[in-house]
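Tertiary structure, described
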Amino acid sequence: MMKLPPLDKLEVSVHDALTNKIKKEITESGDSISFSSFMESVLYDHEYGYYMGNKKKFGEEGDFITAPMISDIFTKCFLNVFHKSFSNLPSIILELGAGNGQFAFDLLIAARQNNIQIDQYLIYEISENTIKKQKEIFRNKLTNELFSKIFWVDEIPENFDGIIFANEFLDAFPTNIYEIKNEKIYERKVNFKNNQFGWNIDDNAIPNFECPIDITNLPTGYIFEYSKKLDDWLKSLLNTVNKTQIFFVDYGFHQQELFHQDRIEGTLMCHYKHYAHANPFEFLGAQDITWHINFSQIANVAKNEKCTIGGFVSQANFLINAGALDLLAEYNPNNISEFKTQTNAFQKLISPAEMGDLVKVLSINKNADINTMGFNKNDRTFQL
Ligand SMILES: C[S@@+](CC[C@H](N)C(=O)[O-])C[C@H]1O[C@@H](n2cnc3c(N)ncnc32)[C@H](O)[C@@H]1O
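A brief structural summary.

What counts and what doesn't
- Residues numbered from 1 in each chain as written.
- Predicted model: local features only at pLDDT ≥ 70, side-chain atom pairs only at ≥ 80, totals over all residues.
- Heavy atoms only, no water.
- 1 Å grid on protein atoms, 1.4 Å probe; cavity = no way out; pocket = protein on both sides within 12 Å on 5 of 7 lines; lining within 4 Å.
- Points joined across faces, edges and corners; volume = space filled by probe spheres on them.
- Helix = DSSP H or I, 4+ residues; strand = E, 2+ residues; numbered from the N terminus.
- Nonpolar A, V, L, I, M, F, W, Y, C, P; charged D, E, K, R; others polar.
- Pairing = 2+ DSSP bridges.
- Axes fitted to C-alpha atoms, helices over the stretch in contact; angles between N-to-C directions.
- Salt bridge = Lys/Arg side-chain N within 4 Å of Asp/Glu carboxyl O.
- Buried < 20%, exposed > 50% of the residue type's maximum accessible area, 1.4 Å probe, protein only.
- Near = heavy atom within 4 Å.
- Polar contact = N/O pair within 3.5 Å; in protein donor to acceptor, adjacent residues only side chain to side chain.
- Areas by Shrake-Rupley, 256 points an atom, 1.4 Å probe, with all protein chains shown as cover.
- Phe/Tyr/Trp six-rings, centres within 6.5 Å; stacked < 30°, edge-to-face > 60°.

**A few points about empty space enclosed by the protein**
- Per the counting criterion, the structure on display carries 3 cavities of 30 Å³ or more.
- Around the largest cavity sit 14 residues that line it, and Tyr226, Ser227, Trp291, Asn294 and Gln297 are the ones nearest its centre.
- In terms of residue count, strand S9 (residues 222-226) provides more of the lining of the largest cavity than any other element does, 3 residues in total.
- Here the lining of the largest cavity is built from residues that sort into 9 nonpolar, 3 polar and 2 charged.
- Its volume calculated, the second largest cavity comes out at about 70 Å³.
- Looking at the second largest cavity, the residues that line it are Tyr222, Ile223, Phe224, Glu225, Leu258, Phe259, Arg263, Gly266, Thr267 and His292.
- Sort the elements by how many residues they give to the lining of the second largest cavity and S9 lands first, with 4 residues.
- Tallied by class, the residues present in the lining of the second largest cavity amount to 5 nonpolar, 3 polar and 2 charged.

Dropping the structure here:
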């Protein structure tokens, strides 16, 4: 494994506390726990979980950077799209997992500058510490009028009408991990032996696997993620809301592309101080853990709940369809330093080697039939 920067004193104590808690959970469960339980503890344990603590996670000083932090062109493209949808829906946005609040902040400012009315901006966020930081930033940097539009909700509002937006939210859900052996599926669990966490493969194959995947051409040793918890959460969300257009933006693929023979080791990825590696048993509570979304499965859950798919495109195509090139053209090329910064940032958002093709945008409509400019060209819904 690559050499990562060392943990500081506080991070070591968090790592040790989580190790003891999870060790106890493993002992109480026999000899192993699901990876989903492990991930739930290391990311969301109330006292020590990565997302729950005070540690800097987002941006240059943290562990990872997301699209809204790279350039506000990302957010302004979504505003262009939302603006059109507001003719069919109330001007209310519900953001799931708002992180450092950059998307909300830029969206409210850009809407004000362009005279686009937003009545309410709701945030659904699991981490009290993150909410505290969001409140601080918004209170200090937004006008009172814009700040008064933001509300934090503990639950998805019953019968919600409006737009739901989530960037890099689905891939933070705890997932189970599976391995294929001789065309059968086994669960890969977590054990603790010789003073370290490790993998434990169940003795018995799973007789009826919940996610309908074709494993006939996948070799023995092929590893993949599937989160029943995510499916159940999505079902509950879709049953709670009323008339809504949802945008999920995440690293992921349609099922056929995801279950490619080359992805034999699965898609699990950890982020620590901008280093990416695949060992979830390091740096407990100090590193993020993510995986790639199976958008076909997300779309199946939505269709089973009588929703329709509004579109499915790469991030690059969504942004270009939604006016990114016009937004970039607003920068003055004679101001060389600013123009260079903006074009470099834009490049990160749309380059296939960076986020452009790996990140996808999926839209789900409930009780709303809305055509969205973001999916005008290169819509890949047929691949789902
Ligand atoms: C990877 S960060 C993405 C942050 C932000 N959307 C962005 O693009 O920068 C995931 C965010 O979702 C929040 N989160 C994770 N699971 C959640 C859940 N079940 N309910 C609400 N918020 C959650 C985390 O606390 C964090 O703010």
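Next comes the rest of the description.
**A closer look at the sheet that holds strand S13 (residues 288-290)**
- One open sheet accounts for 3 strands, arranged S12-S11-S13; its pairing is antiparallel. A single partner strand is all that each edge strand has here, and the edge strands are strand S12 (275-277) and S13. Strand-to-strand twist of the sheet, defined as the mean angle between neighbouring strand axes without regard to direction, takes the value 25°.
- Here 3 bridges tie strand S11 (residues 269-272) to S13, and the two strands are oriented antiparallel to one another. By the bridge assignment for S13, His271 is matched with Asp288.

**Comments concerning the pattern of salt bridges**
- In this structure the tally under the stated criterion is 15 salt bridges.
- A salt bridge links Lys55 to Asp63, with the shortest nitrogen-to-oxygen separation between them at 3.1 Å. Accessibility classification places Lys55 together with Asp63 in one group, the buried group.
- Ionic contacts of the salt-bridge type, sharing partners, join the residues Glu11, Lys55 and Asp63 into one network.

**Comments concerning the site of the ligand**
- As a structural note, the neighbourhood of the ligand is formed by 16 residues, with Thr66, Gly97, Glu125, Ile126 and Asn167 the closest of them.
- A distance of 2.6 Å separates an oxygen atom of the ligand from a polar atom in the side chain of Thr66.
- When isolated, the ligand has an accessible area of 600 Å², and the protein chains bury 95% of it.
- Here the residues of the shell around the ligand sort into 10 nonpolar, 4 polar and 2 charged.

**Focus on the pairing of strand S10 (residues 244-253)**
- Within S10, 9 of the 10 residues are buried, which leaves it mostly tucked inside the rest of the structure.
- Relative to strand S16 (residues 359-366), S10 is paired through 8 bridges, and the arrangement is antiparallel. Paired with Phe247 across the bridge in S16 is Ser363.
- Relative to strand S14 (residues 293-294), S10 runs parallel, the two being bridged by 2 bridges. Across the sheet, the residue bridging to Gly252 is Ile293, located in S14.

**Side note on the packing of aromatic side chains**
- Across all of its chains, the model carries 35 aromatic pairs by this definition.
- Taking the centre distance of 5.3 Å and the plane angle of 85° together, the rings of Phe38 and Phe281 count as edge-to-face. You can see Phe38 sitting in helix H2 (residues 35-44) and its partner Phe281 sitting in the loop between S12 and S13, a full 243 residues away along the chain.
- Centre to centre, the rings of Phe247 and Phe318 are 6.2 Å apart; their planes meet at 70°, and the pair counts as edge-to-face. Taken together, the residues span a long stretch of sequence, with Phe247 in strand S10 and Phe318 in helix H11 (residues 315-321) at a distance of 71 residues.

By themselves, these observations are geometric and do not establish any function.
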